[in-house]
Amino acid sequence: MTPPVLRRALLLAGLALAYSAQASKPLVMGFSQVGAESEWRTANTASVKSAAQAAGIQLKFADAQQKQENQVKAIRSFIAQKVDVIAFSPVVESGFETVLREAKAAKIPVILTDRAVKVSDPSLYVTFIGSDFVEEGRKAARWVLDQAKDGRALNIAELQGTVGSAPAIDRKKGFEEVLKANTKLQIIRSQSGEFTRAKGKEVMEAFLKVKDGKKIDLLYAHNDDMAIGAIQAIEEAGLKPGKDILVVSIDGVRGAFEAMKAGKLNVTVECNPLLGPQLMQLAKDVVAGKAVPKRVTVEEGVYTADQAAAELPKRKY
Ligand code: AHR
């Protein structure tokens, strides 16, 4: 028979072992990404993956390939796997209520990253970290207003992002809100280019072929990738992007700075994709039961073509 003192010592040692195993167990995050549609998204994915590694967080990464149904499936699978926290960048704003209720019922906290969702109950997610897309649209329009200070009229073509996504809805809203100040600035064509270069080019080609006697003076693209695709279409139509057609877009990726340096893009409004480190810190705080702000925004700037050469070497994405 084991003497009581020895039994107690063994019990304590066992408890200490169990405690330290628990303490060193890495936090597990299920992350559902929109896809790989743009240069911005590639940088965002890289930021999330490297920040998780640096923070010692085990990341279960799922690519939704721009499809909401894939995202819902991924979230359900994270719930089934009992991850500690779920983070996702929603493909579109609506239609997540049911799966978010399932996560809440399973007591798994949800962090929204980059894009928001529309839900009737805000307690379905703990916090949302990402840019202010409405303000980005306003910034783009302020630059346009500035170009028309001399009283000239401008016909504007708009390449919208993914239909139903927060950045497409908000960037349109912010842009139109500021543009109203000058009735000589009119959006004459507007269609989705799905945030991709290929679709941006295709839609711009179609815009340029419309025979209604209206010349496009300026292109507003909801992201740099669509602008870069459209720039190709403009060139192939024998026009000079940045001159014959002014081009303003959003993101501030390296490709945009290269296009600005070449004089083909006039301005890009920054949208910072490097959300990984802040996301991991939020996840740790949420899982530890600490209070976190409901909305975390990001500092961003506006860059014009004359700044491109100096800024390009400093860009991180
Ligand atoms: O949600 C952020 C937007 O999504 C970026 O502007 C765009 O490039 C991406 O696809």
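Residues numbered from 1 in each chain as written. Predicted model: local features only at pLDDT ≥ 70, side-chain atom pairs only at ≥ 80, totals over all residues. Heavy atoms only, no water.

Enquirer: How would you summarise the pattern of salt bridges if you had to cite specific residues and measurements?
Expert: Counted by the stated rule, this structure contains 28 salt bridges. A salt bridge links E136 to R171, with the shortest nitrogen-to-oxygen separation between them at 2.8 Å. One end of the pair, E136, is in helix α5 (residues 133-147); the other, R171, is in helix α6 (residues 166-179), and 35 residues separate them in sequence. For the residue pair E136 and R171, the accessibility class agrees, reading buried in each case. Close ionic contact of E311 with K314 constitutes a salt bridge, the shortest N to O distance being 3.3 Å. Using a relative accessible area of 16% as the deciding quantity, one classes E311 as buried. (Salt bridge = Lys/Arg side-chain N within 4 Å of Asp/Glu carboxyl O. Helix = DSSP H or I, 4+ residues; strand = E, 2+ residues; numbered from the N terminus. Buried < 20%, exposed > 50% of the residue type's maximum accessible area, 1.4 Å probe, protein only.)

Enquirer: Explain unusual backbone geometry residue by residue, including any values.
Expert: At Q66, a position not held by glycine, the phi torsion is positive, near 60°. Tracing the chain through its elements places Q66 in the loop between β2 (58-63) and α3 (68-80). Taking relative accessible area as the criterion, Q66 reaches 23% and is therefore assigned partly exposed. The backbone of D251 sits at a positive phi, close to 140°, despite the residue not being glycine. In this structure D251 comes out as buried when scored by relative accessible area, which is 3%.

Enquirer: I'd like a rundown of the packing of helix α7 (residues 197-209) against helix α8 (residues 224-236), residues and numbers included.
Expert: Where α7 contacts α8, the axes come no closer than 7 Å and their chain directions differ by 40°. Between α7 and α8, the angle is such that the two are oblique. Judged by the sense of rotation from one axis to the other, the crossing of α7 with α8 is right-handed. Of the residues in α8, those in contact with R197, G200, K201, M204, E205 and L208 of α7 are D225, M226, I228, G229, A230, Q232, A233, I234 and E236. Taken together, the residues of the contact of α7 with α8 sort by class into seven nonpolar, three polar and five charged. (Axes fitted to C-alpha atoms, helices over the stretch in contact; angles between N-to-C directions. Parallel < 35°, antiparallel > 145°, perpendicular 65-115°, else oblique. Left-handed = near helix turned anticlockwise from the far one by under 90°. Contact = heavy atoms within 4.5 Å. Nonpolar A, V, L, I, M, F, W, Y, C, P; charged D, E, K, R; others polar.)

Enquirer: So, the site of the ligand: which residues are in play, and what are the values?
Expert: In the vicinity of the ligand, the contacting residues are E37, S38, W40, R41, D114, R115, F133, P167, R171, F195, N223 and D251. The contact in question runs from an oxygen atom of the ligand to an N or O atom on the side chain of R171, over 2.8 Å. At the level of elements, α2 (39-55) and α6 are the ones that each hand at least two residues to the shell around the ligand. Across the shell around the ligand, the residue classes break down as four nonpolar, two polar and six charged. (Near = heavy atom within 4 Å. Polar contact = N/O pair within 3.5 Å; in protein donor to acceptor, adjacent residues only side chain to side chain.)

Enquirer: Provide a residue-level description of the environment of E270, including the pertinent values.
Expert: By secondary structure assignment, the location of E270 is in strand β10 (residues 267-270). Given a relative accessible area of 10%, E270 falls into the buried group. With sequence-adjacent residues up to four places away left out, E270 is seen in contact with E136, D251, G252, E299, E300, G301, Y303, R315 and Y317. A distance of 3.1 Å separates polar atoms of two side chains, one belonging to E270 and the other to R315.

Enquirer: Tell me about α5, and please be specific about residues and values.
Expert: In this model, α5 (15 residues) spans 22 Å end to end at C-alpha, consistent with the 21 Å of a helix rising 1.5 Å per residue. Listing the buried residues of α5 in full gives F133, V134, E136, G137, K139, A140, A141, W143 and V144. For α5, the capping residue at the N-terminal end is D132, with a side-chain oxygen 3.2 Å from the backbone nitrogen of V134. (Expected span 1.5 Å × (residues − 1).)

Enquirer: Which residues make up the side chain of E37, and what values do they have?
Expert: Tracing the sequence through the fold places E37 in the loop between β1 (28-33) and α2. One polar contact links E37 to R41, side chain to side chain, over a distance of 2.9 Å. When residues no more than four places from it in sequence are discounted, the contact partners of E37 are Q66, R115, F195, T196 and D225.

Enquirer: Provide a residue-level description of the sheet that holds strand β12 (residues 302-304), including the pertinent values.
Expert: Taken together, six strands build an open sheet; the order of strands is β7-β6-β8-β9-β10-β12 and the sheet is mixed. Of all strands in the sheet, those bounded by a partner on one side alone are β7 (185-192) and β12. Here the strands of the sheet are splayed against their neighbours by 20° on average, with no regard to which way each runs. Helix-sheet contacts for α8 involve β6 (154-160), β8 (218-221), β9 (246-251) and β10, and the interaxial angle to β9 is about 155°. (Pairing = 2+ DSSP bridges.)

Enquirer: An account of the sheet that holds β1 is needed here, citing residue identities and associated values.
Expert: Either a parallel or an antiparallel arrangement is found when strands of a sheet pair, and the pairing is made through backbone hydrogen bonds. Strands sit in the order β2-β1-β3-β4-β5-β11 across an open sheet of six strands; the sheet is parallel. Only two strands of the sheet have a single partner each, and these edge strands are β2 and β11 (295-296). Across the sheet, α2 lies against β1 and β2, angled at about 160° from β2, the strand it touches most.

Enquirer: Describe in detail the environment of A36, supporting the description with residues and values.
Expert: Within the element layout of this structure, A36 appears in the loop between β1 and α2. By relative accessible area, which is 62% here, A36 ends up exposed. With 29 residues separating them along the chain, A36 and Q65 place their C-alpha atoms 6.9 Å apart. Excluding its chain neighbours within four sequence positions, the residues that come into contact with A36 are R41 and D63.

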